[in-house]
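Letter by letter, the chains look like this.
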Amino acid sequence: MVVTEAVIIASLNWIAITTGLLFGQVAGVVNSLQKREEDIHLSESQISVIASSMTLVCSIGFMAAATASDKIGRRWPYIFFSSTMTINWIILYYAREMYQFMLSRFFGGVSVGALLTLNLFVISEFTSPDTRPFFLNIVAIISPAIGTGMGHILGILMHWRNVALVGLGTAVLGAILPFFWVESPHWLASKGRFEECQTAFRILHGETQNSERELQLLIKMEKSKLEVAKQTNCKPTLKRLAVVLKKKYFWDSILLSLFMDIYLVASGKVPFSLLGSVIIEDITGSSDVFAFTTLVDGLLLLGPCLSCFFIKRTSIRTMLFTTGFTANAILIVFSACLYFSNDQSYFNWINIGLLGLYFIIMNAGPFPLLEAIYSEMFPLELKLYIFTISGGILMFGFSLSVFLLPYMVRGIGYHGMFIVNALLMTISLGYIWWKLPETKGKSLQEIEMYFKTKNFDVEEVLGNEQLKALI
């Protein structure tokens, strides 16, 4: 790996840890507010809004990231949104009133939404087709899981205001690291800056036969798109979006992403990231959850590590559907154990073990693979804008799942909620199986071409005027 690429990937991992920490520390804040510590009196509804609002505000971060990265590249948005994350931590440290907590959630939500989106798409631009799934798994799953686990553990060991100081330090470093990057060659190509694109690409990947082929495909495809855009007078972004909205491939992609959204919302990933210690306390009936939380967070990291091992040895489709349907079965067994559990302490360990096993499998397959697919399936020049639509739906679903969690638990219990989740996940996985192609080893240009024309061969499509019009 070229040194510059290694620096960028390490920086992206650090920034991913800071976003995970922002999610993980919420449980400590909620737990403190529920116990009326520091004489802060907020209602259960107000606390639910504080816990759930950040994911909803992430949608604003999606749009802000799309606009900023389209106009000024990839480096400066990282610097800006890591800086706004520091504002969140400062406000949270001094917060005592509802409006102060909500203001911190606003800055935190915008920042984490933008940074998560940028991480998801930018890592694919800085890595090669052979290593892209591996590094996406690390940046999109392992590093945020480390940050979330840190947030959970620090929230138990420390007061949440001290956790805010830790978060402030991580965010400041995250704002400094992008100064040492080169600009994304894919963004440079999409803007017609092909000489700069070649220079940046070769700094990142060297001049091997495979990297040169990928570079030439990138330049050829982006030149072709810019020529068509100029001929049809749709070069401005809004005009391109208007044209894309009339294309069948756009709606096919949006529908596929919608089922991916439903799957991720139903999986319980975000509610557990935000309220892990609270959920474990409810499931076990014990207020001393340090050992349980440490175990589950440790198992959450084991899954992505297994994914890094298996992703090099099998296809994406095989791995996704094998682990996906297995996780659904475990979730159903977990629901049954919750329903029939008694007050014996061994049942707590059985339930926590099943919950940990569920997240191991989800983190080994569906979570990293679906996030990798998000980063691949949309056209380069508009992908952040299009993801704003899909991601906005996803964040609304996440916020709704967190907000409704206490009401669903009171209504149908955790066992009933997990059965409903398993049903939604099974239906979604069936649609994804029907529509998703195998993308392992394909360049971003080849994948983009497939979603537009159902043909991976870029050269063949660009040589056919009728097919070329579809790009």
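Residues numbered from 1 in each chain as written. Predicted model: local features only at pLDDT ≥ 70, side-chain atom pairs only at ≥ 80, totals over all residues. Heavy atoms only, no water.

Asks: Where do I start with the packing of aromatic side chains in this structure?
Replies: Aromatic ring pairs are defined here through the distance separating the ring centres and the angle between the ring planes. This structure, assessed with the given rule, holds 13 aromatic pairs. For the pair F134 and F135, a centre-to-centre distance of 5.2 Å together with 75° between the ring planes defines the contact as edge-to-face. Look at F135 and you get buried, because its relative accessible area is 10%. Consider the rings of Y431 and W434, whose centres lie 5.6 Å apart with planes at 85°: the pair is edge-to-face. Within this pair, Y431 and its partner W434 are both found in helix α18 (residues 383–435), separated by 3 residues, close to a single helical turn. For W434, a relative accessible area of 58% puts it in the exposed group. Here a set of aromatic residues connected by ring pairs shows up, and it is made of Y78, F126 and W181. Positioned over the ring face of F194 is K223, at 5.3 Å from the centre of the ring. (Phe/Tyr/Trp six-rings, centres within 6.5 Å; stacked < 30°, edge-to-face > 60°. Buried < 20%, exposed > 50% of the residue type's maximum accessible area, 1.4 Å probe, protein only. Helix = DSSP H or I, 4+ residues; strand = E, 2+ residues; numbered from the N terminus. Lys NZ or Arg CZ within 6 Å of the ring centre and 35° of its normal.)

Asks: Help me understand the nonpolar core, please; the structure alone is not making it clear to me.
Replies: Counting 114 residues, the largest nonpolar core has F101 and I432 as its most contacted members. The dominant element in this core, judged by the number of residues it contributes, is α18, at 17 residues. The contact partners of F101, leaving out residues within four places of it in the chain, are V29, L33, I40, L42, I50, L92, A95, R96 and W160. Within the second largest apolar cluster, 11 residues are counted, among which are F194, L218, I219 and L226. (Core = buried A, V, L, I, M, F, W, Y, C linked by side-chain atoms within 4.5 Å. Contact = heavy atoms within 4.5 Å.)

Asks: Please explain the packing of helix α3 (residues 44–72) against α18 as it appears in this structure.
Replies: Any two packed helices are characterised by how steeply their axes cross, that is the angle between the axes, and by the distance between the axes. Their axes nearest at 8 Å, the elements α3 and α18 cross at an angle of 175°. Regarding the angle of α3 to α18, the classification is roughly antiparallel. Of the residues belonging to the contact of α3 with α18, the class tally is 18 nonpolar, 11 polar and 1 charged. (Axes fitted to C-alpha atoms, helices over the stretch in contact; angles between N-to-C directions. Parallel < 35°, antiparallel > 145°, perpendicular 65-115°, else oblique. Nonpolar A, V, L, I, M, F, W, Y, C, P; charged D, E, K, R; others polar.)

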